[in-house]
Each structure stands twice: as C-alpha cells, then as structure tokens.
Amino acid sequence: MESKTIIVAGANGQLGKSFQKIVFDWQEYNFHFFDSNELDITNKNALEHAFSSLKPSVFINCAAYTAVDKAESERERAYAINSEALDYITLFCIKNNTLLIHYSSDYVYDNGMKVPMGEEAPTSPKSIYAQSKKMGEEIIERSPVNALLIRTSWVYSEFGHNFVKTMLKLGKEKSILNVVNDQIGSPTYAGDLANATMKMIDQYAKKPFTGIEIYNYSGEGKISWFEFASFIFEVAELDIDVHPIPTSDYKTPATRPKWSVLDLSKIKKEYGIAPKYWKESVRECLYLLS
Ligand SMILES: NC(=O)c1ccc[n+]([C@@H]2O[C@H](COP(=O)([O-])OP(=O)(O)OC[C@H]3O[C@@H](n4cnc5c(N)ncnc54)[C@H](OP(=O)(O)O)[C@@H]3O)[C@@H](O)[C@H]2O)c1
C-alpha cells in the first residue's frame, strides 16, 4: 500500500462513528471522515474531488440507505445509494488504485435454508433494501476493483438508531412488549465490525491482493429478536414483561428473512479474526449507554 490514507464515507452512521472511535488504535493510518453532507456518494463530482485531493489507499463505504421498511416506498433512493453509487465509487477506486471496503447484509441470503450461510450460499433477496444491497454487490463484482465486501447482520451500537436503543426506550416506557421470536440471526456490535475491518485492512497493507473477496462478519451465537430483547432488559435491569410472537403477528412493509445466521469460518480462518460472543458485546454497548 503506497500511502495509509483512508476515506470513511457515511461517517455519521453507526459504523462510521464506530470507526471515528478507534482512530487512536490505528495511528499509522490517516483517516478522513465525511458525513453525508460533506460527501454524498451519489454525487460523482463530489466523489471525484475527494479521491483526487486525498488519493486514498482505502475507501471505507459506511454510507447506505438502511431504512428497511421505508425502502419499500422509496425504491429509487434506496437503489441510488445502495446500488448506483457503487458505479462511481468503483470507478474512482480503480483510477486511484484504492482498496474498497463495502458492507452488505445478511438479508441478501434469505434462501430458505436453516444452516449458517457461507459466502457461497445462494442469495435470494426479498425486500427492496435487500435487493438494492445485492445489486450494489453485483456492481462491485462486475468491476475490476480491489475490494473487501463484508456481509453483516443485526448491527447495533451506542450511536444512531438500532434495536438495542429502541428496546431501552420501550423498556422505560412500557410494562408489556411483544417481540418476534421466529427470525433467527446474530447481533453485530458496530465497534467490533470496525475493529475487524481495520485488522483486515492492516493485513491487506502488508500483503495486498487483487480482486474481490467476500466475507461474513457478525457476533458469535444465534438468537431471535425476542431473546435479544430479553437479554437487553435483563442487563439493563428493566422490569418489563416480554412476550414472544410470530412474524405473522407483527406486520411490516418489508419482508425479513426468518434465518440470518452467518457462517464465520472464512474470516476466522483467512484473517484470524475471532468475533466476540454476542452477549459480551451487548453488555459492552449497554455499559456505554448506561
Ligand atoms: N444496521 C443494520 O442492522 C445492518 C445490517 C446488515 C448490514 N448493514 C450494513 O452495514 C453498513 C453500515 O450500516 P449502519 O448501521 O452503520 O447504517 P446507518 O447507521 O444507517 O448509517 C448510514 C449512514 O449513511 C449515510 N448516508 C445515507 N445516504 C448517503 C449518501 N448518499 N452519501 C453519503 N452518506 C449517506 C447516512 O447519513 P444521513 O443520516 O445523513 O442520511 C448515515 O450516516 C451498511 O452498508 C448497511 O447496509 C447494516
């Protein structure tokens, strides 16, 4: 890697802020953070300016349209951000010999199988959000860019909007809550994902590769949203009666997979990354939020 300059786009999201938190652990890298106002990834000129002025060796794309239900009625915007922006990003990454780090979603699998999804598992995205993320992947895969494409799931953090923060809020407001018990997946702490990504970038800096590599990353363990909520209330010592309900009793505009468990063998084996057990990271996040 020629320089150690990193651009982080979407810097005000959960993951973007988690990168901002760890810059001191990675002082040999020169981070430049851009929020959506400073760098709109759908704006080709803005991207060209950022790339030509900074000549980054790595572009970390934390920018995304993540409002899963809203995407059903904002299809164009979801595709513009999650798919079409990748046309420009890959173009400038290729021109500048920049490694692209891009994140996709467990929702792209949704193939009906109930085994941990390896990176080669068939994909069958159902919602607009999932389809727009899959199309973003395909744009990357069709281009001669060097990229790490990381599929992750159920992201939460002390920042922004997420399930942990919603449960804490509801736990203080309500005495009874129904939570879906038949969608199974693995929570991912954005701080863990940011750290894992930096370990991957650091290994790439020492031994660069060409082409596109896909990896799954999540916390260890598989649970339902009901189990997730119950653990949050237990640790936060919130006295609330939580009831498990089926997805069919909780209608949402977007369809979500019943099974989102990722097989993490590849990232463990090839990068020596050991994701933490989900409870450990949830405790850490709840401590920060307390
Ligand atoms: N959250 C999850 O549960 C989850 C699960 C699986 C995969 N992922 C993937 O993980 C990645 C990180 O997710 P996250 O949870 O950190 O998302 P997030 O908190 O929603 O952050 C996304 C950020 O992207 C920014 N953004 C939106 N449109 C943009 C644009 N045109 N140009 C530049 N920035 C733009 C947003 O800024 P504004 O707020 O200003 O619009 C926001 O700060 C995404 O690729 C997501 O698809 C997330």
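Scroll up a little and you will see the structure.
In what follows, the accompanying structure is described.

The rules behind these values
- Residues numbered from 1 in each chain as written.
- Predicted model: local features only at pLDDT ≥ 70, side-chain atom pairs only at ≥ 80, totals over all residues.
- Heavy atoms only, no water.
- Helix = DSSP H or I, 4+ residues; strand = E, 2+ residues; numbered from the N terminus.
- Rg over C-alpha atoms; globule rule 2.2 N^0.38 Å.
- Buried < 20%, exposed > 50% of the residue type's maximum accessible area, 1.4 Å probe, protein only.
- Contact = heavy atoms within 4.5 Å.
- Lys, Arg positive; Asp, Glu negative; His and termini not counted.
- Charge placed at Lys NZ, Arg CZ, Asp CG, Glu CD.
- Expected span 1.5 Å × (residues − 1).
- Near = heavy atom within 4 Å.
- Polar contact = N/O pair within 3.5 Å; in protein donor to acceptor, adjacent residues only side chain to side chain.
- Areas by Shrake-Rupley, 256 points an atom, 1.4 Å probe, with all protein chains shown as cover.
- Axes fitted to C-alpha atoms, helices over the stretch in contact; angles between N-to-C directions.
- Parallel < 35°, antiparallel > 145°, perpendicular 65-115°, else oblique.
- Left-handed = near helix turned anticlockwise from the far one by under 90°.
- Nonpolar A, V, L, I, M, F, W, Y, C, P; charged D, E, K, R; others polar.
- Phe/Tyr/Trp six-rings, centres within 6.5 Å; stacked < 30°, edge-to-face > 60°.
- Disulfide = S-S within 2.5 Å.
- Pairing = 2+ DSSP bridges.
- Right-handed = clockwise from strand over helix to strand, strands pointing away.

## Here we look at the overall build of the protein
Consideration 1: Along the protein, the regular secondary structure elements total 9 helices and 12 strands.
Consideration 2: On C-alpha atoms alone, the protein measures out to a radius of gyration of 19 Å, which is about the 19 Å that the 2.2 N^0.38 rule sets for 290 residues.
Consideration 3: The buried share of the protein, reckoned over its 290 residues, is 54%.
Consideration 4: For the protein, the share of sequence-separated contacts (at least 6 apart) that also reach a separation of at least 24 residues comes to 84%.
Consideration 5: When the 32 basic and 37 acidic side-chain charges of the protein are each reduced to a single mean position, those positions are 1 Å apart.

## Section: helix α4 (residues 128–142)
Since the α-helix turns once every 3.6 residues, residues separated by three or four places project in the same direction.
Consideration 1: Its 15 residues give α4 an end-to-end C-alpha distance of 21 Å, which sits within 8% of 21 Å, the value for a rise of 1.5 Å per residue.
Consideration 2: Buried within α4 we find I128, Y129, A130, S132, K133, K134, G136, E137, I139 and I140.
Consideration 3: Its buried side turned inward, α4 meets α3 (75–95), β4 (99–105), β5 (147–152) and β10 (212–217).

## So, the site of the ligand
Consideration 1: The full set close to the ligand counts 25 residues, and S36, D40, T66, Y129 and K133 are the nearest of them.
Consideration 2: Taking D40, its side chain carries an N or O atom lying 2.8 Å from a nitrogen atom of the ligand.
Consideration 3: K133 is positioned such that a nitrogen or oxygen atom in its side chain is 2.8 Å from an oxygen atom of the ligand.
Consideration 4: Considered on its own, the ligand offers 890 Å² of accessible surface; in the complex 79% of this is hidden by protein.
Consideration 5: Of all the elements in the fold, those that place two or more residues in the shell around the ligand are α1 (14–21), β4 and α4.
Consideration 6: Top contributing element to the shell around the ligand by residue count: β4, with 3 residues.

## Here we look at the packing of helix α2 (residues 44–54) against α3
Consideration 1: The N-to-C vectors of α2 and α3 enclose an angle of 25°; their axes lie 10 Å apart at closest approach. Between α2 and α3, the angle is such that the two are roughly parallel. Here α2 and α3 pass one another in a crossing that is right-handed. Judged by residue contacts, K44, L47, E48 and F51 of α2 engage Y88, I89, L91, F92, C93 and K95 from α3.
Consideration 2: Within the contact of α2 with α3, the residues separate by chemical class into 7 nonpolar, no polar and 3 charged.

## Structural notes on the packing of aromatic side chains
Consideration 1: What the rule picks out here adds up to 17 aromatic pairs.
Consideration 2: With a centroid separation of 4.7 Å and an interplanar angle of 50°, the aromatic rings of F163 and W225 are classed as tilted. In this pair, F163 sits in helix α5 (residues 163–173) while W225 sits in helix α7 (residues 225–235), placing the two residues 62 residues apart along the sequence. The residues F163 and W225 share a single accessibility class, namely buried.

## Examining the environment of A147
Consideration 1: Within the secondary structure, A147 is located in strand β5.
Consideration 2: You can call A147 buried: its relative accessible area is 0%.
Consideration 3: Sequence separation between A147 and I6 is 141 residues; the distance between their C-alpha atoms is 14 Å.

## A short note on the state of the cysteines
Consideration 1: On inspection of all chains with the given rule, the structure shows 0 disulfides.
Consideration 2: The thiol of C62 is not disulfide-bonded; the next cysteine sulfur, from C93, is found 13 Å away.
Consideration 3: Taking relative accessible area as the criterion, C62 reaches 14% and is therefore assigned buried.
Consideration 4: Owing to a relative accessible area of 1%, C93 belongs among the buried residues under this scheme.

## With respect to the pairing of strand β1 (residues 5–9)
Consideration 1: Within β1, 5 of the 5 residues are buried, which leaves the element mostly enclosed by the surrounding structure.
Consideration 2: Residues T5, I7 and A9 point to one face of β1 and I6 and V8 to the other, with burial holding for every one of them.
Consideration 3: Note that β1 and strand β2 (residues 30–34) share 5 bridges and pair parallel. When the bridges of β2 are listed, T5 appears paired with N30.
Consideration 4: Between β1 and its parallel partner β2, the chain crosses via α1, and the hand of that crossover is right-handed.
Consideration 5: Sheet analysis places β1 next to strand β3 (residues 58–61), joined by 4 bridges and oriented parallel. Bridged to I6 within β3 is V58.

## Remarks on the environment of K126
Consideration 1: Position of K126 relative to the elements: it lies in the loop between β4 and α4.
Consideration 2: As a C-alpha pair, K126 and K206 span 80 residues in sequence and 39 Å in three-dimensional space.
Consideration 3: Discounting chain neighbours no more than four positions away, the residues touching K126 are D110, Q131 and T255.
Consideration 4: Within the structure, the side chain of K126 is placed 2.8 Å from the backbone oxygen of D110, a separation counted as a polar contact.

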